[in-house]
Structure formats: C-alpha cells, structure tokens
Amino acid sequence: MKNKTIRRTLYRVLRKTGVPRKEIELDATFDEDLNFDQVDWALFLYFLEECFKINVEDEEISRMHQVKDTLNLVESMA
C-alpha cells in the first residue's frame, strides 16, 4: 500500500472514531489533542484492524502516542 493511501485510510479511521477533520494532524497526540478515552481507543483499534486487515498487539498499542506513530506502525505492517 502506498504511503498516501495509508494516510488517507488512517484519516478515515480517525473520522469514524469521531475525530473532527480539523483536528487530524500527524503530530496530534491521542490523549491530549484528540482526547481519546477507553471507548475511543476500542473503536479506533477495531476500525484500524478492519480497514487495514492487520492485528495490533498490546505492546504496539502502548507505543502509539501520536497519529504519526500509528502511521509508521501501519506502514511497517502493510
């Protein structure tokens, strides 16, 4: 999958999770900027795994602090 396609799909996953379009930036943090709680994380991970056909392990989740961390993870798995 090309980087541009991965980024576009990741942004679509964030939108499905309820993140407003204007708040989606690569440097945005999930906890502080996007205000993710446990429900948001569960939805995000569900949509992420479904859209990219991947399985995200717990240790990988703990390394996702910013949107760009997730982008890097998906790129490495795709």
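Below is a summary of the structure that appears in this document. Keep in mind the model is a prediction, meaning the values are calculated, not measured.

Okay, the overall build of the protein next. Across its full length, the protein carries four helices and zero strands. Scanning the protein from its N terminus toward the C terminus, one meets helices and strands in the order α-α-α-α. At 11 Å, the protein has a C-alpha radius of gyration in line with the 12 Å of a compact globule built from 78 residues. The principal-axis extent of the C-alpha atoms belonging to the protein is close to 30 × 25 × 20 Å. In the protein, buried positions account for 38% of the 78 residues. Counted over contacts in the protein with a minimum sequence separation of 6, partners at least 24 positions apart contribute 54%. Total accessible area computed for the protein in this model is approximately 5100 Å², and 46% of it derives from carbon and sulfur atoms. Here the protein carries 12 positive and 16 negative side-chain charges, and the mean point of each set is 13 Å from the other.

Moving on, we get to unusual backbone geometry. Notably, Asn35 is not glycine yet its phi reads approximately 55°, a positive angle. The class for Asn35 is exposed, based on a relative accessible area of 54%. A positive phi angle, near 55°, is found at Lys53, a position not held by glycine. Position of Lys53 among the secondary structure elements: in the loop between helix H2 (38–52) and helix H3 (58–61). Residue class for Lys53 comes out exposed when judged on its relative accessible area of 68%.

A few words on helix H1 (residues 3–17). Three or four residues apart is the spacing at which side chains of an α-helix point the same way, because the helix has 3.6 residues per turn. Its 15 residues give H1 an end-to-end C-alpha distance of 21 Å, which sits within 8% of 21 Å, the value for a rise of 1.5 Å per residue. For H1, every residue scored as buried is listed here: Ile6, Thr9, Leu10, Val13, Leu14 and Thr17. The buried residues of H1 occupy one face: seen down the axis, they fall within an arc of 145°. Of the surrounding elements, those touching the buried residues of H1 are H2 and helix H4 (67–77). With its phi angle positive at about 105°, Gly18 sits one or two positions after the end of H1.

Here the focus is the packing of aromatic side chains. Both the distance between ring centres and the angle between the ring planes are used here to describe each pair of aromatic rings. If you walk through the whole model with that rule in mind, you get seven aromatic pairs. Between Phe36 and Phe44, the aromatic rings sit 5.7 Å apart at their centres with planes inclined by 75°, giving edge-to-face as the arrangement. Residues Phe36 and Phe44 agree in their burial class; the two are buried. Ring geometry for Trp41 against Phe44: centres 6.0 Å apart, planes inclined by 75°, an arrangement best described as edge-to-face. Here the residue Trp41 and the residue Phe44 both occupy positions in helix H2, the gap between them amounting to three residues, near one helical turn.

Definitions and limits used
Residues numbered from 1 in each chain as written. Predicted model: local features only at pLDDT ≥ 70, side-chain atom pairs only at ≥ 80, totals over all residues. Heavy atoms only, no water. Helix = DSSP H or I, 4+ residues; strand = E, 2+ residues; numbered from the N terminus. Rg over C-alpha atoms; globule rule 2.2 N^0.38 Å. Buried < 20%, exposed > 50% of the residue type's maximum accessible area, 1.4 Å probe, protein only. Contact = heavy atoms within 4.5 Å. Areas by Shrake-Rupley, 256 points an atom, 1.4 Å probe, with all protein chains shown as cover. Lys, Arg positive; Asp, Glu negative; His and termini not counted. Charge placed at Lys NZ, Arg CZ, Asp CG, Glu CD. Expected span 1.5 Å × (residues − 1). Arc of directions from axis to C-beta. Phe/Tyr/Trp six-rings, centres within 6.5 Å; stacked < 30°, edge-to-face > 60°.

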